[in-house]
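# Survey of secondary and tertiary structure
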Amino acid sequence: MNEDWSVLALFGPALSNIDLTANDVSVNNGVVIAMLCLATVLVILRFTARIVLRNALMADDWAIIAALVPRLE
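Relative to the elements of secondary structure, Val25 occurs in helix α2 (residues 25-52). Look at Val25 and you get partly exposed, because its relative accessible area is 47%. Val25 sits 22 residues away from Phe47 along the chain, and the two C-alpha atoms are 33 Å apart.

And the structure:
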């Protein structure tokens, strides 16, 4: 991988023990998917508890759904 000259001018050459081609995209994607699944399960449990306990669904419940839905695209 070629180093950018402007980065070289600001920071100098990379250390020999650093791999500039390494990335953690798959690890990051796994964590994001796990958190999305956890959030979805918790919202489902919240709605289930509200319905079982016969509590009214309030604006905060619908706001949670509104916040969760765009992330499912």
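On to the UniProt feature "transmembrane region" (unreviewed entry) in the protein chain. Mapped onto the present numbering, the UniProt feature "transmembrane region" (unreviewed entry) falls at residues 30-49. What you have in residues 30-49 is 100% helix and 0% strand, and the ends, taken at the C-alpha atoms, are 29 Å apart.

So, about the pattern of salt bridges. Evaluation of the coordinates by the stated rule reveals 4 salt bridges. Across the pair Asp61 and Arg46 runs a salt bridge, and its minimum N-O distance is 2.7 Å. On the criterion of sequence distance, the pair formed by Asp61 in helix α3 (residues 59-68) and Arg46 in helix α2 is long-range, its members being 15 residues apart. In this structure, Arg50 and Asp61 form a salt bridge, with 3.6 Å as the shortest nitrogen-oxygen distance. With a gap of 11 residues between them, Arg50 in helix α2 and Asp61 in helix α3 connect regions that are remote in the sequence. Among the charged side chains, a network of salt bridges with common partners joins Arg46, Arg50, Asp60 and Asp61.

Rules used throughout
Residues numbered from 1 in each chain as written. Predicted model: local features only at pLDDT ≥ 70, side-chain atom pairs only at ≥ 80, totals over all residues. Heavy atoms only, no water. Helix = DSSP H or I, 4+ residues; strand = E, 2+ residues; numbered from the N terminus. Buried < 20%, exposed > 50% of the residue type's maximum accessible area, 1.4 Å probe, protein only. UniProt positions renumbered as here; feature names shortened; annotations may be inferred. Salt bridge = Lys/Arg side-chain N within 4 Å of Asp/Glu carboxyl O.

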